[in-house]
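Listed below, chain by chain, are the residues.
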Amino acid sequence: MLNPIILFLAIIFDRIIGELPEKIHPTVWIGKLITFLENTFKSTNCKNKYRDFLFGILTTTITISIVGIVAIFVEKFILSLPFPLNYLIYAFLLSTIIGYKSLFDFCKKPIEYIKNGDIDKAREAVQHIVSRDASKLDEEHILSAAVESLSENITDSIIGALFYAVIFGLPGAFVYRAINTLDAMIGYKNEKYLWYGKLAARLDDIVNFIPSRIAGILLIIIAPFYKGSVKKAIYGFLKEANRVPSPNSGYTMATLANALNITLEKIGYYKLGSGKIDVEKFLNAFKAVDYVVILFLIIYTLIW
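For every chain, the first residue of the written sequence is number 1, and numbering continues from 1 along that sequence. For a predicted model such as this one, the threshold for reporting local features is a pLDDT of at least 70, and the threshold for listing and counting side-chain atom pairs is 80 or more; totals across whole chains, interfaces and linings nevertheless cover every residue. The side-chain values count all of the structure's non-hydrogen atoms but skip hydrogen atoms and water molecules.

### Let's talk about the packing of aromatic side chains
For step 1, the next point in the chain: Ring geometry is summarised as follows: Phe, Tyr and Trp rings, the Trp one being its six-membered ring, pair when their centres sit within 6.5 Å, and such pairs are stacked at plane angles under 30 degrees, edge-to-face over 60 and tilted between the two. For the coordinates displayed, the defined rule picks out 14 aromatic pairs.
For step 2, the next point in the chain: Ring centres of tyrosine 188 and tyrosine 193 lie 6.2 Å apart, and the angle between their planes is 45°; this geometry places the pair in the tilted category.
For step 3, the next point in the chain: Only protein chains enter the calculation, and the probe is 1.4 Å; a residue is then buried if its accessible area is under 20% of its type maximum, exposed if over 50%, and partly exposed in between. Residue tyrosine 193 is classed as buried on the basis of its relative accessible area of 10%.
For step 4, the next point in the chain: Linked through ring pairs, Tyr100, Phe104, Phe282 and Phe286 together constitute an aromatic cluster.
For step 5, the next point in the chain: Two limits define a charge over a ring: the Lys NZ or Arg CZ must be within 6 Å of the ring centre, and within 35 degrees of the ring normal. Here arginine 15 stacks its cationic end above the ring of tyrosine 100, 4.4 Å away from the centre of that ring.
For step 6, the next point in the chain: The ring of phenylalanine 286 has lysine 108 sitting right over it, with the charged end atom 5.1 Å from the ring centre.

Now the structure itself:
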């Protein structure tokens, strides 16, 4: 199992450095590999669903295989280096697939514009982090969309990567990120990707099954630290998580919404929690993410 020092260093590197330039960002490279394979094994836009499914399997499995094999060799090389150089390089590489700082940066932007009274800029900012049409959202639904994205991505951006790094090291974390990226690029239920991205979408559901529930449980445990209610958090986890179409994201979204007594709503799709969301509760949601990460690291250190 991975030394906890490496996890702590990875989090520190991510919070200080943030995202690397696109030219040297591993996730961008993974995305380019997926694009190359997608152009090689082209979708028929559901004209031939069997071919789409087969080509989607090829794109998905080749991507995961290449990323995993490269990560295995990179890890072996790093571990052959002397201490503490090996720990520092290992932690830095791990930090490149953790989206902690970038998640905060993107999700906090709408509140900055709202504080300045610029609702149009706030809508524009939230449009970068959600797929729904944000052009007519009111202030409360803008804040809701930002917190929805924040809470959903506790798993995708942070806990999931740490979880698989703990179990499978650098290769596990990079394969996890490859699956996330595949889902983000081809895991859609539209004409082009309905069959082509089916395997990628299912794999993303599978790899996030445990991390999403761990993140939800951690949100319950540390609820008082971000001014949340443990009792209501438990209710959200047990009773409202299944209101979201995703089999995983509801466990963090519903838990956080109920803990903070706020409403997270995607109009026409789902409504989680109850209560008005304001600036204070909005900022408490970010504190919740910090405490989840800290608690995860503490628990793992004690187990290790």
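### Structural notes on the packing of helix H3 (residues 49–79) against helix H7 (residues 139–186)
For step 1, the next point in the chain: Lines fitted to C-alpha atoms define the axes, with helix axes restricted to the stretch in contact, and inter-axis angles between N-to-C directions lie between 0 and 180 degrees. Strands here mean DSSP runs of E at least two residues long; helices mean DSSP runs of H or I at least four residues long; both are numbered from the N terminus. Direction vectors running N to C along H3 and H7 enclose 155°, while the axes themselves pass 8 Å from each other. It follows that H3 is roughly antiparallel to H7 by the angle criterion. In this structure, H3 meets H7 at a crossing whose hand is right-handed. The residues of H7 that touch H3, namely those facing Thr59, Thr60, Thr63, Ile64, Val67, Gly68, Ala71, Ile72, Val74, Glu75 and Ile78, are Gly169, Leu170, Pro171, Phe174, Val175, Ala178, Ile179, Leu182 and Ile186.
For step 2, the next point in the chain: Of the residues contributing to the contact of H3 with H7, the split by class is 14 nonpolar, five polar and one charged. In this scheme, roughly parallel covers angles under 35 degrees and roughly antiparallel covers those over 145, while 65 to 115 is roughly perpendicular and the rest are oblique. For any pair of crossing helices, the crossing counts as left-handed if the nearer helix is rotated counterclockwise from the farther one by less than a right angle, and right-handed if it is rotated clockwise. The criterion used for residue contact is that any of the two residues' heavy atoms lie within 4.5 Å. Residue type decides the class: Asp, Glu, Lys and Arg count as charged, Ala, Val, Leu, Ile, Met, Phe, Trp, Tyr, Cys and Pro as nonpolar, and the leftover types, Gly among them, as polar.

### Considering helix H1 (residues 4–17)
For step 1, the next point in the chain: For a helix, the expected span equals 1.5 Å multiplied by the residue count minus one. Over its 14 residues, H1 extends 20 Å from the first C-alpha to the last, a length consistent with the 20 Å expected when each residue adds 1.5 Å.
For step 2, the next point in the chain: Buried within H1 are the following residues: Pro4, Ile6, Leu7, Ala10, Ile11 and Asp14. Each buried residue of H1 lies within a common arc of 160° when the element is viewed along its axis, so the set occupies one face.
For step 3, the next point in the chain: One side-chain oxygen of the residue at the start of H1 lies 2.9 Å from the amide nitrogen of isoleucine 5, identifying that residue as asparagine 3.
For step 4, the next point in the chain: Trailing H1 by a residue or two, glycine 18 shows a phi angle of about 75°, which is positive. Read the arc as the range of directions from the helix axis to the C-beta atoms. Nitrogen and oxygen atoms within 3.5 Å of one another constitute a polar contact, given that in protein one can donate a hydrogen and the other can accept it, and given that sequence-neighbouring residues count only through two side-chain atoms.

So, to be careful, I would describe these as geometric facts and stop short of saying anything about function.
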